[in-house]
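# Structural description and commentary
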Amino acid sequence: MQDRFSAGRILREALGGNAGWRPWRRNPEPKPRYDVIIVGGGGHGLATAYYLAKLHGIANVAVIEKGWIGGGNAGRNTTIVRSNYLWDESAAIYEHGLKLWEGLSADLNINVMFSQRGVLNLAHTLHDVREGMRRVNANQLNGVDAEWLDAPGVKAFCPLIDISADARWPVLGATLQRRGGTARHDAVVWGYARAADRLGVDIIENAEVTAILRDGQGRFDGVETTRGTIKARTGALVAAGHSSILAAMAGFRLPIESHPLQALVSEPLKRLLDCVVMSNQVHVYVSQSDKGELVMGAGIDAYTSYTQRGALHVIEDQMAAACALFPMFSRVRVMRTWAGIVDVCPDASPIIGATPVPGLYINCGWGTGGFKATPSSGWTLAHTIATGAPHPLNAPFALKRFETGALIDEHGAAAVAH
């Protein structure tokens with residue numbers, strides 16, 4: 001009886017009913033040769049395939065996923081969408097993504113549940129205030145909506161926040177991006193998968209890549225998988241968390257580390273938090289899902305690892321931070337915790353573009369910014385693959401910047417967990 005009204009059932013029906021569950025062709029047999037192979041069936045890989053087919057007419061594409069669609073980081077994030085980054089290059093690509101988010105449900109013909117409820121970044125110290133005002137000014141100069149709220153303004157926007165002077169972490173103000181908010185991660189992945197499938201893209205699940213093939217001239221020539229050899233003239237590595245492993249298969253190294261990024265959700269509660277609240281100083285961010293769960297995250301586990309658990313102290317720290325900001329949360333029970341594996345570049349900015357292997361491109365290093373960048377990441381990588389040259393939005397994020405030193409250092413510049 002409960003399933004009659006469950007969100008999962010409603011979404012399944014919206015995607016085409018329960019038959020077969022997945023709304024795309026089930027694991028088509030690979031063709032002898034594709035124009036493009038995309039390794040990684042998460043949001044970024046599927047978005048790349050979709051925009052290749054829709055915007056560039058390249059539909060002879062295979063998306064290869066070692067597990068199932070949406071079973072990796074795409075289903076393990078905290079669903080926050082915003083574009084209030086400090087540096088010009090970051091603001092441009094994330095703002096382009098936010099504009100795509102605003103029309104994504106109509107574009108994919110599925111409700112991705114994008115809710116522009118507003119994102120607050122709290123300031124607790126004079127340094128926070130100065131950094132926040134600097135970022136607001138930088139955002140406005142780049143055409144990104146941003147505003148500074150004093151403490152009463154914060155209280156008016158989010159009544160749940162205690163602004164009293166004797167609070168453990170007094171709130172001195174906050175930045176606000178009203179167009180920011182949340183979306184439903186699995187709906188985004190399934191939406192891109194269904195839309196790409198309808199344009200002719202093959203989505204091949206349960207096919208782990210075991211080798212990357214090169215021809216006699218050293219160009220990319222395809223991949224070896226657990227389902228056999230799949231050939232293509234162009235390839236793209238879009239497997240968050242395992243990019244360095246794939247790069248090693250292709251014969252080059254990446255300046256990234258892989259870390260667990262942990263989060264948790266509480267038991268479902270009645271609606272009490274109508275925006276996203278982030279605090280870099282206390283180090284936690286909190287929102288409330290449509291099901292009523294409090295969704296909490298913070299930063300990465302400092303230890304490099306491929307485990308999808310991470311260390312318990314990370315969860316303890318972010319729960320303590322949430323209770324410091326919202327003492328009432330101390331009575332709420334944790335329902336589940338998890339971790340995704342994220343690639344982290346030294347400058348906390350992504351890599352999107354060509355690799356040392358001709359015909360092979362890569363998209364990685366988003367760290368904690370991956371979900372919000374899903375549309376713009378796929379859009380820019382599709383342009384790069386189709387034209388053979390980067391778009392102005394992703395040109396600054398080339399791998400070669402680590403040779404020249406032209407880094408885009410977003411560490412600590414764009415709120416908690418970058």
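Residues numbered from 1 in each chain as written. Predicted model: local features only at pLDDT ≥ 70, side-chain atom pairs only at ≥ 80, totals over all residues. Heavy atoms only, no water.

Before going further, it helps to examine the overall build of the chain. A tally of helices and strands in the chain yields eleven helices and 18 strands. The C-alpha radius of gyration computed for the chain amounts to 21 Å, which stays within 12% of the reference 22 Å derived for 418 residues, consistent with globular compactness. In terms of its C-alpha atoms, the chain occupies a principal-axis envelope of roughly 70 × 60 × 40 Å. Out of the 418 residues belonging to the chain, those deemed buried represent 56%. Across the chain, the fraction of contacts at a sequence separation of at least 24, relative to all contacts at a separation of at least 6, is 76%. For the chain, the computed accessible surface area is about 17,100 Å², with 53% contributed by carbon and sulfur atoms. (Helix = DSSP H or I, 4+ residues; strand = E, 2+ residues; numbered from the N terminus. Rg over C-alpha atoms; globule rule 2.2 N^0.38 Å. Buried < 20%, exposed > 50% of the residue type's maximum accessible area, 1.4 Å probe, protein only. Contact = heavy atoms within 4.5 Å. Areas by Shrake-Rupley, 256 points an atom, 1.4 Å probe, with all protein chains shown as cover.)

A word on the environment of L399. Inspection of the secondary structure assignment puts L399 in the loop between α10 (374-387) and α11 (401-404). Residue L399 is classed as buried on the basis of its relative accessible area of 14%. Put simply, L399 and T182 are 217 residues apart on the chain and 30 Å apart in space, counted from C-alpha to C-alpha.

Moving on: the pairing of strand β2 (residues 61-64). One face of the sheet, then the other: side chains in a regular strand alternate in exactly this way. Residue alternation in β2 divides its side chains into two sets, V61 and V63 and A62 and I64, and both sets are buried. Of the strand pairs in this sheet, strand β1 (residues 33-39) and β2 are connected by four bridges, and their pairing is parallel. Counted as the bridge partner of I38 is V63 from β2. Taking the sense of rotation as the criterion, the β-α-β connection linking β1, helix α2 (residues 43-56) and β2 turns out right-handed. (Pairing = 2+ DSSP bridges. Right-handed = clockwise from strand over helix to strand, strands pointing away.)

For α10, built from 14 residues, the straight-helix expectation of 20 Å at 1.5 Å per residue is met to within 8% by its first-to-last C-alpha distance of 20 Å. Within α10, eleven of the 14 residues are buried, which leaves it mostly tucked inside the rest of the structure. Every buried residue of α10 is accounted for by T374, P375, S376, S377, G378, T380, L381, A382, H383, T384 and I385. The first or second residue beyond α10 is G388, which carries a positive phi of 80°. (Expected span 1.5 Å × (residues − 1).)

Applying the stated criterion across every chain yields a total of eight aromatic pairs. Three or more aromatic residues joined by ring pairs form one cluster here, namely Y50, Y51 and Y192. (Phe/Tyr/Trp six-rings, centres within 6.5 Å; stacked < 30°, edge-to-face > 60°.)

Note that A91 resides in helix α3 (residues 88-102). In the structure, A91 is positioned 142 residues away from R233 in sequence and 33 Å away in space, judged by C-alpha atoms. Those residues within four positions of A91 in sequence are excluded, and the remaining contacts are S83, Y85, N142 and V144.

For A193, the location among the structural elements is in helix α7 (residues 185-198). For A193, a relative accessible area of 0% gives the class buried. For the pair A193 and V295, spaced 102 residues apart in the sequence, the C-alpha separation amounts to 25 Å.

For the rest of this paragraph, the subject is the pattern of salt bridges. Taken as a whole and assessed by the stated rule, the structure comprises 16 salt bridges. D221 is paired through a salt bridge with R33; the nearest N and O atoms lie 3.0 Å apart. You can see D221 sitting in strand β10 (residues 220-225) and its partner R33 sitting in strand β1, a full 188 residues away along the chain. With relative accessibility at 13%, the residue D221 sits in the buried group. The closest approach of N and O atoms between D35 and R233, which form a salt bridge, is 3.9 Å. Within this pair, whereas D35 is found in strand β1, its partner R233 is found in strand β11 (residues 228-237), the two being separated by 198 residues in sequence. Judged by relative accessible area, which is 44%, R233 ranks as partly exposed. Look at the salt bridges and you will find they share partners, linking E95, E102, D145 and R179 into a network. (Salt bridge = Lys/Arg side-chain N within 4 Å of Asp/Glu carboxyl O.)

A few words now on unusual backbone geometry. Backbone geometry places M113, a non-glycine residue, at a positive phi of 60°. By secondary structure assignment, the location of M113 is in the loop between α4 (104-108) and β4 (119-123). Of note, A348 is a non-glycine position whose phi angle comes to about 60°, a positive value. Counting through the fold element by element, A348 comes out in the loop between β16 (334-344) and β17 (351-354). Its relative accessible area of 5% is what places A348 among the buried residues.

Glancing now at the packing of α2 against α7. Contact pair α2 / α7: the axes reach a minimum separation of 9 Å and the direction vectors enclose 30°. In this view, α2 runs roughly parallel relative to α7, as classed from their interaxial angle. Relative to α7, α2 is oriented so that their crossing is left-handed. Contact residues: G43, L46, A47, Y50 and Y51 in α2; V189, Y192, A193, A195 and A196 in α7. Split by residue class, the contact of α2 with α7 holds nine nonpolar, one polar and no charged. (Axes fitted to C-alpha atoms, helices over the stretch in contact; angles between N-to-C directions. Parallel < 35°, antiparallel > 145°, perpendicular 65-115°, else oblique. Left-handed = near helix turned anticlockwise from the far one by under 90°. Nonpolar A, V, L, I, M, F, W, Y, C, P; charged D, E, K, R; others polar.)

In this section: the nonpolar core. The nonpolar side chains of a soluble globular protein tend to be buried with one another. If you look at the biggest cluster of nonpolar residues, it comprises 48 residues, and the most contacted ones within it are I38, W101 and Y192. Mapped onto this core, the elements with two or more residues apiece are β1, α2, β2, α3, α4, α7 and α10. Setting aside chain neighbours within four positions, we find I38 in contact with G45, T48, A49, L52, V61, A62, V63, I64, A236 and V238. In this structure, I230, L237, A250 and C345 belong to the second largest nonpolar core, which totals 28 residues. (Core = buried A, V, L, I, M, F, W, Y, C linked by side-chain atoms within 4.5 Å.)

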